[in-house]
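Fold and geometry: a report
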Amino acid sequence: MTLAAFYDRLRLDEGLVREAEFNPYYRHLQSWLGDPVRIDGRDFLNLAANDYLGLACDPRVGQAITAGVSRYGASLCGTPIATGCVDLLRALEERLAAFVGLEDGVVLPSCYQANNGLFTAVAGRDDVILIDHFAHSSLIEGARAVGCKIRPFRHNDPGHLESLLGKVRGHRQAFVVTESVFSTEGSIAPLGAIVELCDRFGAVPVVDDSHGIGVLGANGRGVLEHFGQTGFPGIYTASLGKALANAGGLIAGRRALIDHLRYYCPHLVYSTALPPGVAAGVGAVLDIIGTEFPARRRRLWEHRDTLRQGLAAVGFTVLSGEAPINSILAGTPVQTIRLAREFYAAGLLTTPFVHPSVPLNEGRVRLIAGAGLPPARLKAAVEALPTIAKAWQAGSLVGGPG
Amino acid sequence: MSLEEKVVAIVAKTAEKKKTVTLDTDLMRDLGTDSLALLMIIQALEDEFDIAIPDDAFKKVKTVREIVAQLRAHFPRLDAAP
Ligand SMILES: Cc1ncc(COP(=O)(O)O)c(C=O)c1O
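Right, let's walk through the structure included here. Just so it is clear, the structure is predicted and the values come from calculations on it, not from any experiment. (Residues numbered from 1 in each chain as written. Chains lettered and ligands numbered in written order. Predicted model: local features only at pLDDT ≥ 70, side-chain atom pairs only at ≥ 80, totals over all residues. Heavy atoms only, no water.)

Let us look at the packing of helix α3 (residues 59–72) of chain A against helix α13 (residues 276–313) of chain A. Residues and elements named next belong to chain A. For the pair α3 and α13, the least separation of the axes is 7 Å and the interaxial angle reads 155 degrees. The orientation of α3 relative to α13 falls into the category roughly antiparallel. Judged by the twist between their axes, the crossing of α3 over α13 is right-handed. Residues R60, V61, A64, I65, G68, V69 and Y72 of α3 touch α13, and the partners they reach there are P276, G277, A280, G281, A284, V285, I288, E292 and R296. Looking at side-chain class alone, the contact of α3 with α13 contains 10 nonpolar, 3 polar and 3 charged residues. (Axes fitted to C-alpha atoms, helices over the stretch in contact; angles between N-to-C directions. Helix = DSSP H or I, 4+ residues; strand = E, 2+ residues; numbered from the N terminus. Parallel < 35°, antiparallel > 145°, perpendicular 65-115°, else oblique. Left-handed = near helix turned anticlockwise from the far one by under 90°. Contact = heavy atoms within 4.5 Å. Nonpolar A, V, L, I, M, F, W, Y, C, P; charged D, E, K, R; others polar.)

Next comes the structure, spelled out in structure tokens:
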């Protein structure tokens, strides 16, 4: 193969963007997430970021990060096994594990990396991994890297999982993998039933709580608190870049698991540690959650309901998720991108999902109204919805089914 | 039950949404079958017929009818099964 052919093969198909007359991806933000967000020199209301509690721009978090940097510098320029594991990071790992109710934890630079590296560290070719059909790419790719048998089960369907657990045989260990909150639709996994099945079949449950930590549970401690899972026997992962408003990926569980990962998870051992400033930032967020969670949670859910009622009133099909996420079913990829374009034109920043992130003709536009949004601005957004819906529907008719 | 009927039933059962499945159902277009969903179908067929389907046998299938054809090509004795 020639070099020209190689680069030719990489060329992007721009058909979708051309047809929808909009590219919603990689827009350049010119501001922080605090309202308003600026893009293309215009003001936007942020309904896209995963800043559920509105803490990404909180001055207390910023100050903690600055203090962390003053004391430890920008980076320890080493992997955790070498110079990267500052006392601050280690304390954060213990604090996060206790926060979610588990024995110990380890923090990687991202949860994609955590999910990606977890499985090769704890599973082998003679194991089997049962995984929710709609699990996040990081979990699927991490599981695939093991080279063992992968058995997908129907999304949030413990009945199907049970029948598969009854069928698989000849393996050393079974793992059952799910997310807590599926973020493209806001559904919550039936974790209680899954853990019970794992217990019955001797399988290890693995749950990615990226969209649940800091959101679910009476104290924001995530999916385990939400389901009253006090003695969770499996593996827990979560992103620190969503409600926890920083960056990083937690893996938590029993001490034996964490000790093992410290030496056998290459994604941890061979990657520069989470910068100390970020560790300090996450610590500050945990402090704030400790005192302000009830108020912030109330605002988050109020915002979700306000938005959901407004969306339904103008005829959008909103997926009836139980999480603080509103997801509009928008149809084909072109219809989906066009809907995001109409929101964008109205100054509302949203996230469109098209195939392969979601099934082919089930594209959706996701709106997350974080606790930090000013209620008056959200009210104005709801008032703009009839115009947005009308423009989109007219465009869909003119453009055909897309 | 014919092989066709069994395959149609398996595809319908593994689909995420209740949809009418026929031999002409296009997996990608009509059901949004992604790589994990295809794996689910293949494994359900393996469970049903007690066979081991080679890794690349279903790489190019587009419709349910083509699944049946591939199955027949690889496992000619399936039609005789009860
Ligand atoms: C469910 C889920 N898991 C993992 C990740 C990756 O986390 P991170 O951004 O920390 O890499 C994401 C998205 O970012 C996610 O939505």
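Having put the structure on the table, let's press on.
The next subject is unusual backbone geometry. Residues and elements named next belong to chain A. A cis amide bond, omega -10 degrees, links D35 with the succeeding residue P36. By the element assignment, P36 lies in the loop between α2 (15–20) and β1 (37–39). In this model, E21 sits at a positive phi of 55 degrees, which is unusual for a non-glycine residue. Under the relative-accessibility criterion, E21 is labelled exposed at 59%. For A245, which is not glycine, the phi torsion reads 60 degrees and is therefore positive. Along the chain, the position of A245 falls in the loop between β10 (235–239) and β11 (249–253). Exposure remark for A245: the relative accessible area of 15% places this residue in the buried category. (Buried < 20%, exposed > 50% of the residue type's maximum accessible area, 1.4 Å probe, protein only.)

Time to look at the interface of chain B and chain A. Taken together, the 19 residues of chain B in the interface contact 20 residues of chain A. Ranking the residues of chain B by area buried against chain A places E16, L36 and Q43 of chain B at the top, with a combined share of 38%. Applying the counting rule to chain B against chain A returns 3 salt bridges. When the shortest N-O distance is used, the salt bridge between K149 of chain A and E46 of chain B registers 4.0 Å. Counting the contacts that link chain B with chain A gives 10 residue pairs in polar contact (both at pLDDT 80 or more). When contributions to the side of chain B that touches chain A are tallied by element, the ones reaching two or more residues are α1 (3–14), α2 (27–31) and α3 (35–49) of chain B. Here the side of chain B that touches chain A gets 9 residues from one element, more than from any other, and that element is α3 of chain B. (Buried area = accessible area lost by both parts, 1.4 Å probe. Salt bridge = Lys/Arg side-chain N within 4 Å of Asp/Glu carboxyl O. Polar contact = N/O pair within 3.5 Å; in protein donor to acceptor, adjacent residues only side chain to side chain.)

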